[in-house]
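# Per-entry structural report
One-letter residues, chain by chain:
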Amino acid sequence: MGIDELYPPDRLIAAQRATAAAGLDALLLTPGSDLRYLTGYDAHAGERLTCLVLPAEGDPTLIVPRLERPAAEAAPHTGVRIVDHVDGTDPYPLVVAALDGPVAAVGLADRMWAEQVLGLRAALPDAAQRLAGEVLRELRIRKSPAEIAALAEAGAAIDEVHLRMGEWLRPGRTEAEVATDIAAAIRAAGHVTVDFVIVAAGPNGASPHHGTSDRPIGVGEPVVVDIGGTMPSGYRSDCTRTYLAGGSAPADFLDYYAVLCDAQRAAVAAVRPGITGAQADAAAREPIAAAGHGAAFLHRTGHGIGLDGHEEPYLVAGNDRPLEAGMAFSIEPGIYLAGRHGARIEDIVVCTTDGVQRLNTTPTELIAL
């Protein structure tokens with residue numbers, strides 16, 4: 001996939017039209033996924049102000065610290081005028097100048113630092129502040145073919161790591177030791193950053209976001225391994241498998257793992273245009289509840305993925321938005337029995353025009369190592 005396909009310059013024009021349609025005069029985007037989505041610039045987030053000023057009408061301006069100007073100029077497609085500021089000067093008047101006139105309302109990056117929000121409020125006291133996500137969510141929620149290809153590349157890379165799990169995961173090693181090996185393998189598989197590594201053995205597997213610890217893995221313990229990273233494209237991977245570390249698994253674990261496996265497959269199979277996020281969530285939740293483990297499924301079934309690890313759409317009760325072709329998200333039901341053990345199975349999938357495409361293709365059955 002070419003960089004022109006992944007970060008097409010016409011995104012800026014589409015965003016300007018959407019900004020005007022939302023009743024905003026401009027978007028003000030500091031480092032993060034929205035800025036990268038529009039310009040390809042993976043900007044450093046720091047106390048020095050970097051801000052894309054994207055007016056609903058007129059030319060965009062990228063304001064950067066002078067020492068970061070070379071990085072901004074090297075970005076795949078800024079397509080914008082770059083204005084820099086030096087240390088010790090106030091950069092906020094540059095934002096006002098780039099707007100080139102009074103504004104009534106601006107959209108701020110959803111995850112902008114509070115000190116920058118307040119700085120912009122002081123610089124633009126008469127402008128209402130709203131979230132830029134109101135505008136950009138609709139542009140980002142449906143992935144282009146190039147974005148889907150980037151997510152598929154990320155999925156294949158993280159699958160490579162799961163296929164090597166037998167090299168590292170064995171009784172007697174600590175969760176942290178295994179995680180160190182996994183992190184190195186994530187980078188070796190092509191990721192530029194390791195976003196997270198969860199290795200949760202035995203009772204730790206009952207905590208969905210456990211992380212790792214210095215606890216040794218026991219013989220016959222189930223181990224939840226949830227891993228992900230960011231590729232050079234900027235797009236993310238995220239995949240969970242549950243393993244058995246030698247020996248024999250607890251009988252009750254084998255019983256509910258079979259239920260979980262069926263539930264995850266049913267939810268993947270349910271994906272198609274027109275069903276809602278809530279219906280997709282229910283497809284995973286109903287078999288688990290029917291088996292008596294409904295209270296042990298502690299979280300939503302899935303989250304969107306792209307330039308962020310978690311983004312729209314969310315597969316959760318109450319989300320009545322229909323799925324559409326091009327939406328990419330996880331399917332990751334889990335069962336967690338406090339103080340004993342737990343399990344989760346996660347694939348990234350894409351809603352297609354007539355069904356679903358799995359981007360993770362390793363087996364979902366329990367893997368004994």
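All of the points below concern the structure found in this document. Small disclaimer: the values here were computed from a predicted structure and weren't measured. (Residues numbered from 1 in each chain as written. Predicted model: local features only at pLDDT ≥ 70, side-chain atom pairs only at ≥ 80, totals over all residues. Heavy atoms only, no water.)

Before going further, it helps to spend a moment on the layout of surface pockets. Taken as a whole, the largest pocket spans an internal volume of roughly 490 Å³. Taken together, 27 residues make up the lining of the largest pocket; nearest its centre are Ser33, Asp34, Arg111, Arg140 and Asp308. Sorting the residues of the lining of the largest pocket by element identifies α3 (33–39), α7 (133–140) and β11 (311–315) as the ones contributing at least two each. Grouping the constituent residues of the lining of the largest pocket by class yields nine nonpolar, eight polar and ten charged. One number sums up the size of the second largest pocket: a volume of about 330 Å³. In terms of lining residues, the second largest pocket is bounded by 18 residues, among which His209, Asp226, Asp238, His303 and His310 are the most central. With three residues, the top contributor of residues to the lining of the second largest pocket is strand β7 (residues 193–201). Taken together, the residues of the lining of the second largest pocket sort by class into four nonpolar, six polar and eight charged. (1 Å grid on protein atoms, 1.4 Å probe; cavity = no way out; pocket = protein on both sides within 12 Å on 5 of 7 lines; lining within 4 Å. Points joined across faces, edges and corners; volume = space filled by probe spheres on them. Helix = DSSP H or I, 4+ residues; strand = E, 2+ residues; numbered from the N terminus. Nonpolar A, V, L, I, M, F, W, Y, C, P; charged D, E, K, R; others polar.)

Turning to the sheet that holds strand β17 (residues 367–368), a few remarks are in order. Ordered in space as β7-β8-β9-β17, the four strands form an open sheet in which the pairing is mixed. Two strands close off the open sheet at either side, each with one partner strand: β7 and β17. The pairing of β7 with strand β8 (residues 221–230) spans eight bridges and is antiparallel. Among the inter-strand pairings, Thr193 is bridged to a residue of β8, identified as Thr230. Contacts between helix α9 (residues 175–188) and the sheet are confined to β7 and β8, with β7 contributing the most and set at about 150° to the helix. (Pairing = 2+ DSSP bridges. Contact = heavy atoms within 4.5 Å. Axes fitted to C-alpha atoms, helices over the stretch in contact; angles between N-to-C directions.)

Here we take up the nonpolar core. Residues Leu28, Leu38, Leu52 and Leu62 are the most contacted members of the largest nonpolar core, which totals 54 residues. The contacts of Leu38, once residues within four sequence positions are left out, are Arg11, Leu12, Ala15, Leu29, Leu52, Leu54, His77 and Leu136. Val259, Cys261, Ala270 and Ala296 belong to the second-largest nonpolar core, a separate cluster that totals 32 residues. (Core = buried A, V, L, I, M, F, W, Y, C linked by side-chain atoms within 4.5 Å. Buried < 20%, exposed > 50% of the residue type's maximum accessible area, 1.4 Å probe, protein only.)

Our focus in this paragraph is the pattern of salt bridges. In the structure shown here, the tally under the stated rule is 29 salt bridges. In this structure, Arg36 engages Asp42 in a salt bridge whose closest nitrogen and oxygen atoms are separated by 3.4 Å. For Arg36, a relative accessible area of 14% puts it in the buried group. Residues Asp195 and Arg236 are paired through a salt bridge, measuring 3.2 Å at the closest nitrogen-oxygen approach. Note that Asp195 is positioned in strand β7 and Arg236 in the loop between β8 and β9 (239–245), a separation of 41 residues in sequence. Where salt bridges share partners, they join Asp34, Arg111, Arg140, Lys143, Asp308 and Glu311 into one cluster. (Salt bridge = Lys/Arg side-chain N within 4 Å of Asp/Glu carboxyl O.)

Before going further, it helps to spend a moment on the packing of aromatic side chains. Applying the stated criterion across every chain yields a total of two aromatic pairs. Ring centres of Phe253 and Tyr257 lie 5.8 Å apart, and the angle between their planes is 35°; this geometry places the pair in the tilted category. Here the residue Phe253 and the residue Tyr257 both occupy positions in helix α10 (residues 251–270), the gap between them amounting to four residues, near one helical turn. On the accessibility criterion, Phe253 (0% relative accessible area) is buried. By relative accessible area, which is 5% here, Tyr257 ends up buried. One aromatic cluster is present, formed by Phe253, Tyr256 and Tyr257 through successive ring pairs. Lying across the ring of Tyr37, Arg11 places its NZ or CZ 3.8 Å from the centre. Looking at Arg285, its charged tip hangs above the ring of Phe297, at a distance of 3.9 Å from the centre. (Phe/Tyr/Trp six-rings, centres within 6.5 Å; stacked < 30°, edge-to-face > 60°. Lys NZ or Arg CZ within 6 Å of the ring centre and 35° of its normal.)

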